[in-house]
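# An overview of the molecular structure
Listed here are the chains, written in short residue letters.
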Amino acid sequence: MVASEQALVTGKQLDTLSINTIRTLAIDAVQQANSGHPGAPMGLAAVAYCLWQEFLRYDPEDPKWLNRDRFVLSNGHASMLLYALLHLAGVREVAKNGEVLKELAVPMEEIKRFRQLGSRTPGHPESHVTTGVETTTGPLGQGVGNSLGMAIASKWLAANFNRPGFEVFNFNVYAICSDGDLMEGIGGEAASLAGHLKLSNLCWIYDHNRVTLDGPADWSFSEDVATRFVGYDWNVTRVTDANDLEMLARAFETFQKTTDRPTLIIVDTHIGYGSPHKQDTSAAHGEPLGEEEVRLVKRFYGWPEDAKFLVPEGVREHFRDGIGRRGHDARAQWTKMFAEYSQKYPELADQLHRMQRRELPEGWNKNLPTFPADAKGVATRESSGKVLNVLAQNIPWLIGGSADLATSNKTTLKFEGAGDFQAGSYAGRNLHFGVREHVMGASVNGLTVSGIRAFGATFFNFSDYMRPSIRLAALMEAPSIFIFTHDSIGLGEDGPTHQPIEQLASLRAMPNLVVIRPGDANEVVEAWKIIAQLQHQPVALVLTRQNIPTFDRTKYNAASGTARGGYVLADAPGGKPDVILIGTGSEVSLCVDAYEKLKTEGIKARVVSLPSWEIFDDQDASYKESVLPSAVTARVSVEMAATFGWERYVGLKGRMIGMHRFGASAPLKDLLKFFGFTTEAVVAEARKAMAEN
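Residues numbered from 1 in each chain as written. Predicted model: local features only at pLDDT ≥ 70, side-chain atom pairs only at ≥ 80, totals over all residues. Heavy atoms only, no water.

## Some remarks on the overall build of the protein
Summing up its helical and strand segments, the protein has 24 helices and 20 strands in all. What you see for the protein is a C-alpha radius of gyration of 28 Å, in line with the 26 Å of a compact globule of 693 residues. Overall size of the protein, expressed as C-alpha extent along the three principal axes, is 105 × 60 × 45 Å. Here the protein holds 693 residues, and the buried ones make up 62% of them. For the protein, long-range pairs separated by at least 24 residues make up 76% of all intrachain contacts whose partners lie at least 6 apart in sequence. When the accessible surface of the protein is totalled, it reaches about 26500 Å², and 51% of it is carbon and sulfur. A distance of 5 Å separates the average location of the 70 positive side-chain charges in the protein from that of its 81 negative side-chain charges. (Helix = DSSP H or I, 4+ residues; strand = E, 2+ residues; numbered from the N terminus. Rg over C-alpha atoms; globule rule 2.2 N^0.38 Å. Buried < 20%, exposed > 50% of the residue type's maximum accessible area, 1.4 Å probe, protein only. Contact = heavy atoms within 4.5 Å. Areas by Shrake-Rupley, 256 points an atom, 1.4 Å probe, with all protein chains shown as cover. Lys, Arg positive; Asp, Glu negative; His and termini not counted. Charge placed at Lys NZ, Arg CZ, Asp CG, Glu CD.)

## Notes on helix 19 (residues 587-600)
Counted at 1.5 Å a residue, the expected span for helix 19 with its 14 residues is 20 Å, and the 20 Å between its end C-alpha atoms agrees. Turning to helix 19, its buried residues number three or more, namely Glu587, Val588, Ser589, Leu590, Cys591, Val592, Ala594, Tyr595 and Leu598. Here the buried face of helix 19 lies against strand 15 (548-550), strand 16 (567-570), strand 17 (579-583), strand 18 (605-609), strand 19 (635-642) and helix 24 (679-691). (Expected span 1.5 Å × (residues − 1).)

## A few points about the packing of aromatic side chains
Inspection of the entire model under this criterion finds 34 aromatic pairs. With a centroid separation of 4.8 Å and an interplanar angle of 55 degrees, the aromatic rings of Trp204 and Trp234 are classed as tilted. On the criterion of sequence distance, the pair formed by Trp204 in strand 5 (residues 202-208) and Trp234 in the loop between helix 8 (225-231) and strand 6 (235-239) is long-range, its members being 30 residues apart. Looking at Trp204, the relative accessible area reads 0%, which means it is buried. We classify Trp234 as buried; its relative accessible area is 2%. Lying across the ring of Phe171, Arg70 places its NZ or CZ 4.0 Å from the centre. Directly above the ring of Tyr345 sits Arg163, whose terminal nitrogen or CZ lies 5.8 Å from the centroid. (Phe/Tyr/Trp six-rings, centres within 6.5 Å; stacked < 30°, edge-to-face > 60°. Lys NZ or Arg CZ within 6 Å of the ring centre and 35° of its normal.)

## Re the confidence of the model for the protein
Residues of the protein with pLDDT of at least 70 account for 99%, and the chain-wide mean is 96. For the stretch residues 1-6, pLDDT sits under 50, and the model shows zero contacts to residues farther than four places along the chain or on other chains. (pLDDT = per-residue confidence, 0-100.)

## A word on empty space enclosed by the protein
Taken as a whole and judged by the stated rule, the model has seven cavities of 30 Å³ or more. Contributing to the lining of the largest cavity are Met355, Arg358, Glu359, Leu360, Trp397, Thr448, Gly451, Ile452, Arg453, Pro479, Ala532 and Leu534. By residue class, the composition of the lining of the largest cavity is seven nonpolar, two polar and three charged. Along the walls of the second largest cavity sit Leu66, Arg70, Leu157, Phe169, Leu352, Met355, Gln356, Ser450 and Gly451, which together make up its complete lining. Broken down by element, the residue count for the lining of the second largest cavity peaks at three residues, all from helix 12 (residues 346-356). Residues of the lining of the second largest cavity, tallied by class, amount to five nonpolar, three polar and one charged. (1 Å grid on protein atoms, 1.4 Å probe; cavity = no way out; pocket = protein on both sides within 12 Å on 5 of 7 lines; lining within 4 Å. Points joined across faces, edges and corners; volume = space filled by probe spheres on them. Nonpolar A, V, L, I, M, F, W, Y, C, P; charged D, E, K, R; others polar.)

## Thoughts on the sheet that holds strand 18
An order of 16-18-17-19-20 is seen for the five strands of this open sheet, with the pairing classed as mixed. Here the strands that pair on one side only, and so sit at the sheet edges, are strand 16 and strand 20 (655-659). Each adjacent strand pair in this sheet contributes to an overall mean axis angle of 25 degrees, direction not counted. Examined bridge by bridge, strand 19 and strand 20 share four bridges and lie parallel to one another. Its bridge partner lying in strand 20, Ala642 is registered against Met659. Where helix 19 meets the sheet, it contacts strand 16, strand 17, strand 18 and strand 19, and its direction lies at approximately 160 degrees from that of strand 17. (Pairing = 2+ DSSP bridges. Axes fitted to C-alpha atoms, helices over the stretch in contact; angles between N-to-C directions.)

## Description of the packing of helix 7 (residues 185-197) against helix 15 (residues 437-448)
Remark: helix 7 packs on helix 15, axes separated minimally by 8 Å, with the N-to-C direction vectors making an angle of 75 degrees. Looking at the two axes, helix 7 sits roughly perpendicular to helix 15. Contacts between helix 7 and helix 15 involve Ile186, Glu189 and Ala190 from the first element and Glu437, His438, Val439 and Ala442 from the second. Residues belonging to the contact of helix 7 with helix 15 are distributed by class as follows: four nonpolar, one polar and two charged. (Parallel < 35°, antiparallel > 145°, perpendicular 65-115°, else oblique.)

## With respect to the pattern of salt bridges
Taken as a whole and judged by the stated rule, the model has 36 salt bridges. In this structure, Arg331 engages Asp59 in a salt bridge whose closest nitrogen and oxygen atoms are separated by 2.4 Å. Of this pair, Arg331 sits in helix 11 (residues 315-344) while Asp59 sits in the loop between helix 2 (39-55) and strand 1 (70-73); the two residues are 272 residues apart in sequence, bridging distant segments of the chain. Both residues of the pair, Arg331 and Asp59, count as buried. Measuring nitrogen to oxygen at the nearest pair gives 3.8 Å for the salt bridge that ties Asp620 to Arg564. With a gap of 56 residues between them, Asp620 in the loop between helix 20 (613-617) and helix 21 (621-627) and Arg564 in the loop between strand 15 and strand 16 connect regions that are remote in the sequence. In this structure Asp620 comes out as partly exposed when scored by relative accessible area, which is 40%. Classification of Arg564 by relative accessible area gives partly exposed; the value is 32%. (Salt bridge = Lys/Arg side-chain N within 4 Å of Asp/Glu carboxyl O.)

## Things to note about the side chain of Glu685
Note on placement: Glu685 falls in helix 24. Looking at Glu685, the relative accessible area reads 14%, which means it is buried. Within the structure, the side chain of Glu685 is placed 2.8 Å from the side chain of Arg655, a separation counted as a polar contact. Ignoring any residue separated from it by four or fewer positions in sequence, one finds Glu685 in contact with Val636, Arg655 and Ile657. (Polar contact = N/O pair within 3.5 Å; in protein donor to acceptor, adjacent residues only side chain to side chain.)

## Structural notes on the packing of helix 2 against helix 3 (residues 79-89)
Remark: helix 2 packs on helix 3, axes separated minimally by 10 Å, with the N-to-C direction vectors making an angle of 40 degrees. The angle between helix 2 and helix 3 falls in the class oblique. As for the relative orientation of helix 2 and helix 3, their crossing is right-handed in sense. Each of Pro41, Leu44, Ala45, Ala48 and Trp52 in helix 2 lies in contact with helix 3, whose residues at this interface are Leu81, Leu82, Leu85, Leu86 and Ala89. Across the contact of helix 2 with helix 3, the residue classes break down as ten nonpolar, no polar and no charged. (Left-handed = near helix turned anticlockwise from the far one by under 90°.)

## Let's talk about the sheet that holds strand 10 (residues 430-432)
Spatial strand order, 10-9-11-12-14-13: six strands in an open sheet with parallel pairing. Edge positions in the sheet fall to strand 10 and strand 13 (514-516), since each has one partner strand and no second. If you compare each strand with its neighbour and ignore which way they point, the axes differ by 20 degrees on average. Examined bridge by bridge, strand 12 (residues 481-485) and strand 14 (residues 539-542) share four bridges and lie parallel to one another. Its bridge partner lying in strand 14, Phe482 is registered against Ala540. Helix 13 (residues 380-394) contacts strand 9 (398-402), strand 11 (453-459), strand 12 and strand 14 of the sheet and is inclined by roughly 145 degrees relative to strand 9. Of the strands in this sheet, strand 11 and strand 12 touch helix 16 (residues 463-475), which is tilted by about 155 degrees from strand 12.

## A closer look at helix 15
For helix 15, with twelve residues, the first-to-last C-alpha span of 17 Å sits near the 16 Å given by 1.5 Å per residue. Most of helix 15 is tucked away: twelve of the twelve residues are buried. Every buried residue of helix 15 is accounted for by Glu437, His438, Val439, Met440, Gly441, Ala442, Ser443, Val444, Asn445, Gly446, Leu447 and Thr448.

Here is the structure:
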């Protein structure tokens, strides 16, 4: 009896020692950096410790294990909480080629370099920088939005890959979130859809500390969160003491036993726990505690006051014997099972290996359509839908949906067996996001970082609702697919509220995002070939509502030039033009019509289709010179959007036909004439360009 009591005491002491190690590592890192958010890690340390040490199914020796539970720190400002856990749990570094290395993902020297240039411990967690960070968080609400996509991924993977006796996928998704995550609209969107889909594998842990950056939370936030989530059809439970490990364990057990809905655990925490002057105040939120306050806090914890970055003896071993041993055993059992699965279902196992490496299956581009010349043509949203349906049959893990606009975006997967992803029926490949553009973007990112090639679609003008998610996809180098239709004033009567003007320029300004606006149906085919092969860049595919001509490729150059971002579609005799007409999307046909008109007048013109600035700019200098020769300064760009940025291609002496105001509500033909998108206008600008050069 005495021996067991002694072991119990030792266990509790180790728990407390480990929790305070997390706290003090966070405090010391923020203090040394003289920047950061110490309060949340101090308040949440016991919560995260209980989850990781007792419940999270995760092997630190293989951070990319397919069936690991996912942990998302949605309140990314608390990043030192995650970095401390990754360090103490001994999570291994994973190389770019996927090899698990012996070195730690977050060694102590990286904790000491918190928020410094080139460190693995940036101010907010970045998945492409730090192994063990599942997704990049920071802008509040994005993490919980990503967690929704991860939970969908787990259900979809289980429905499509599990077989009798082989439960390859059943991972859970845990996300710690803050008041800010729940105040942001995206948090409500995510919670609403998760409840509707009955995602029982999703658990949010609400850091209810009653403090925001500006002051007490009740200055701006007084709703009954529990009742709100009950209304979303979530299971809601509460822990009134964030340091009570037994209460926390019961809450996590409740989640794991809940099989018909997601779970919200509301945890009453104290921001800056243990700080005599800053606990429960906004002063603990976004700035270092200060040297004197650090000493007082450490005295409260029973910690050596002058010790910095201390990990007491036994703490690392305690994590190794907890999450380390549990995770190792769980992965070992899974690996044994997966080896048998691979022998029995080699095709499915091959698919999973390719998904992990972001590779494509054999024959991914078979049966892609080619479109015959057609003066009337087809809307690029229509041709895209046809290509997408073929690609999705060739790539079994290409799934996605629309923000209640699938019939307009032409993104419905219609082939036999495609199906709908719905509550209780998780094998379908058509996702229905409802009118929730913001969380659609975040969910697509969550699906993508889970190994699935996912797309989300809406009208181009509503990309503004998705911009934070698009930006984070670009930042974390995730090949998310964003499909945008109704790309210009060409949508006509719907008017300026729906007609995008500045969106192209805005998205082109975003680093690491590929924007593609194809000029006809065959360029759409080539665009999808590019998209399918992307591994580290998201894409915005921008498509028309209105029909546009399909070019006669026996007369004009092949659409395969799309692969280089821009190419010569029609050229002057001898390849020596007097003027170059450059267009994207529907306006390329205007350039071609003007080219033919100028030809009858004896004027030698060249038409350049420039569907992707980013890809074209990546080409070598000689290719770019061959398309846009520097000697030809008479140039005209034509695009039904803001002209911002076109100077780089037309030069200071060039002309730009574009939008300089918002659109209008009218039939398309009236709008084109009113705003100057006519063959005659392009010809006139070409003459002016030649006259001025």
